[in-house]
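This is what each chain is made of:
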Amino acid sequence: MRPIRVRIGVLGLALVAGLAAPTAATAAPEAGGAAPAPTVEERRLDGEVPREILRRSGFAAVAPAFARGLGRADSYREARRVVEREGAALWRRAVDRVQGRGPARGDLSRDDDRPLYWARLGMTRELRTWEPGFGLSERQRAALLTELERTSRGQTDLRLPRGHRDGHGKGVKRVLLTGFDPFTLDRDIRISNPSGAVALALDGTVIDTADGPARVETAVFPVRWADFAEGTVERALRPYLPRVDLFTTVSQGRVGRFDVERTNGAWRGGFPDNDNVSRTETVPVADPASQPQWTTTTLPYAAITAADTGRFPVYDNTSVTEIPAGGDEPVVRPDGPTPGSTAREGGGGNYLSNEIAYRATLLRDRLGLHGTLPGGHVHTPVLQFGAGNTDPATGALTDPEFVRNRLDIVAQTRAIVGVAVSAAGADRD
């Protein structure tokens, strides 16, 4: 994900409705007042395109079934059990659909990441607007929503095999990979995020590399500034970084190319998120007094860019935008930041893709793993619709070129991970 000055790509609104929007589960009003209203992001569910995505993927019944489960809960403890169970089930169902297990239940191609996104929003809207008879405090509702986010994003389903970092010899290499939700939905509500598709396609899979088999575990993150400020990235990754052999955060970047981002900057550029909220500020992290302006990749970028991994070119992107030491105006530096400068854009811009890369690599460094753990950020190409399917008002939900582009991006990301694992192993040897 990059700021608005970089072309994000095609896309627009379309299509025929087939389903009524999910209705909120209701009972008696909660003690202390009515339930909150749906968010900006959740209100997009009322559009025709989200309903068609849900219908054509077989995910239309997810939110109503979740609402019925909530309606049967007679205590906060029981509601939490429902949330944990159904959130995890949604993640596994989405992974299974993409990886070809079980019936597709719809005519959308199995590689599609969008059903997970819209079904999750249906569930969060049900939970946010739920008014149980037993009463639910703001704090309890917030805790339930957080648990639903974590479980339905795969963040509680990271199952790493034993490996040498656990004292079990060489073993299977362990890779942690993250993706993102669709974004810029007001520009085109049909949009799919290839990084989310990558996460669903690779979760729990094994890649054969020159350094042996590598097990990939994945999770996805929201496109919301507030969640990042509240530490969602650090909470999800901190238990696992000391145990993996390589990690990469992944997001959609530029048209027609992959980029391995060399440097990440500590600046939020203000581009609106999925709730149409803007933030322009230094990236908020714990212990800001020790916060660096820049962090760097430890992925084997030379090996990745030299390898033939697929049809899209792969670049080692070293450019940043900085305010030089003693200066007051931003300057583009093609070869990376200069000493004492202040970040305005990392190689991946100043949106949430840069921020997840900054947070993950800062966490790596604060855990003392900079010299031993390869990790960084990969930007995929923009996922584009076919040449005849670019009109925002009349375009179709999918087309053969759109599917081919997504499948090729997924396959090439998988190949990039394989090269990275092999190169990192060679460096260790």
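Sequence order as written defines residue numbering, which begins from 1 separately in each chain. Only residues with pLDDT of 70 or above have their local features reported here, since the model is predicted, and side-chain atom pairs are shown and tallied only from 80 upward, although totals for entire chains, interfaces and linings are computed over all residues. Water and hydrogen atoms play no part in the side-chain values, which are based on all heavy atoms of the structure.

Topic: the overall build of the chain
- The helix count covers DSSP runs of H or I at least four residues long, the strand count covers runs of E at least two residues long, and both are numbered beginning at the N terminus. Along the chain, the regular secondary structure elements total 12 helices and 14 strands.
- Split into buried and exposed, the 429 residues of the chain put 56% on the buried side.
- By sequence separation, contacts in the chain at least 24 residues apart represent 79% of the contacts at least 6 residues apart.
- The method behind every accessible area is Shrake-Rupley, applied with a 1.4 Å probe, and residues are considered shielded solely by the protein chains displayed. Here the chain has roughly 16,300 Å² of accessible surface; of this, 52% comes from carbon and sulfur atoms. Throughout, exposure labels follow a simple rule: accessible area from a 1.4 Å probe, protein chains only, divided by the maximum for the residue type, with under 20% read as buried, over 50% as exposed, and the rest as partly exposed. Only heavy atoms matter for contacts: two residues are in contact if any of them lie within 4.5 Å across the pair.

Things to note about unusual backbone geometry
- Residue T184 is not a glycine yet carries a positive backbone phi of 55 degrees.
- As for its placement among the helices and strands, T184 is situated in the loop between β1 (173-180) and α7 (194-202).
- With a phi angle near 50 degrees, D287 is a residue other than glycine that sits in the positive phi range.
- For D287, the position within the fold is in the loop between β8 (280-282) and β9 (294-296).
- Assessed through its relative accessible area of 46%, D287 is described here as partly exposed.

A look at the sheet that holds strand β5 (residues 258-261)
- Read from one edge of the open sheet, seven strands run β2-β3-β1-β4-β14-β5-β10, paired in mixed fashion. Two strands in the sheet have a free side with no partner beyond their single neighbour: β2 (206-209) and β10 (314-317). On average, each strand axis in the sheet is tilted by 30 degrees relative to the strand beside it, whichever way the strands run.
- By definition, two strands form a pair when at least two bridges between them are found by DSSP. Pairing of β5 with β10 involves four bridges; the strand directions are parallel. Note that in β10 the partner of F258 across the bridge is V314.
- Here α7 sits on the sheet and contacts β1, β3 (212-221), β4 (246-252) and β14 (375-380); the angle it forms with β1, its principal contact strand, is near 145 degrees. Note on method: axes are straight lines fitted to C-alpha atoms, helices fitted across the in-contact stretch only, with angles between N-to-C directions ranging 0 to 180 degrees.

Here's the deal with the nonpolar core
- By size, the foremost hydrophobic cluster in this structure holds 65 residues, and its most contacted members are F66, W118, L127, W130 and L177.
- Here, nonpolar core means buried Ala, Val, Leu, Ile, Met, Phe, Trp, Tyr and Cys residues that are tied together by side-chain atoms lying within 4.5 Å of each other. With 24 residues, the next largest nonpolar core counts F228, F271, L352 and I356 among its residues.

A look at the environment of T39
- Structurally, T39 can be placed in the segment before α1 (40-43).
- Here T39 falls in the buried class, since its relative accessible area comes to 19%.
- Sequence separation between T39 and R128 is 89 residues, and the spatial gap between their C-alpha atoms is 8.9 Å.
- Not counting residues within four places of it along the chain, the set of residues in contact with T39 comprises R128 and D275.

Overview of the sheet that holds strand β11 (residues 320-323)
- If you walk across this open sheet you meet the three strands as β12-β11-β13, and the pairing is antiparallel. Single-partner strands in this sheet number two, and they are β12 (331-333) and β13 (342-345). On average, adjacent strands in this sheet sit at an angle of 45 degrees to one another, irrespective of strand direction.
- Where β11 meets β12, three bridges bridge the pair, whose relative direction is antiparallel. Looking at the pairing, T321 lines up with V332 of β12.

Describing the packing of aromatic side chains
- Stacked, tilted and edge-to-face are the three classes assigned to paired rings of Phe, Tyr and Trp, where Trp is represented by its six-membered ring and a pair needs centres within 6.5 Å; plane angles under 30 degrees give stacked, over 60 edge-to-face, the rest tilted. For the structure shown, the criterion picks out nine aromatic pairs.
- Taking 6.2 Å as the distance between ring centres and 65 degrees as the angle between the ring planes, the aromatic pair formed by F258 and F312 counts as edge-to-face. With F258 in strand β5 and F312 in the loop between α10 (301-306) and β10, the pair connects residues that are 54 residues apart, well separated along the chain.
- Taking relative accessible area as the criterion, F312 reaches 12% and is therefore assigned buried.
- Relative to Y351, the ring of F271 lies with its centre 5.0 Å away and its plane at 85 degrees, an arrangement referred to as edge-to-face. Placement of the pair is F271 in the loop between β7 (267-269) and β8 and Y351 in the loop between β13 and α11 (352-366), with a sequence separation of 80 residues. Of the two residues examined, F271 and Y351, each falls in the buried class.
- Counting every residue linked through ring pairs, the aromatic cluster contains F183, W225, F271 and Y351.
- The rule for a charge over a ring is simple: NZ of Lys or CZ of Arg within 6 Å of the ring centre, and within 35 degrees of the ring normal. Here R190 stacks its cationic end above the ring of F385, 4.0 Å away from the centre of that ring.
- In this structure, R262 packs its charged tip against the face of Y301, placed 3.8 Å from the ring centre.

What to know about the side chain of R224
- As for its position among the elements, R224 is in the loop between β3 and α8 (225-229).
- On the basis of relative accessible area, R224 is assigned to the buried category, the value being 10%.
- Polar contacts, as counted here, are pairs of nitrogen or oxygen atoms within 3.5 Å of one another; within protein the pair requires one atom able to donate a hydrogen and one able to accept it, and residues that are adjacent in sequence qualify only if both atoms are side-chain atoms. Within the structure, R224 has its side chain in polar contact with the side chain of E41 (distance 2.8 Å).
- At 2.7 Å, the side chain of R224 and the side chain of D227 are in polar contact.

Observations concerning α7
- α7 sits mainly inside the fold: nine of its nine residues count as buried.
- Among all positions in α7, only P194, S195, G196, A197, V198, A199, L200, A201 and L202 are buried.

A look at the confidence of the model for the chain
- Predicted confidence across the chain gives a mean pLDDT of 91, with 90% of residues reaching 70 or more.
- How sure the predictor is of each residue is captured by pLDDT, a score from 0 to 100. Every residue in residues 3-32 is under pLDDT 50, and counting partners more than four places away or in other chains gives 101 contacts.

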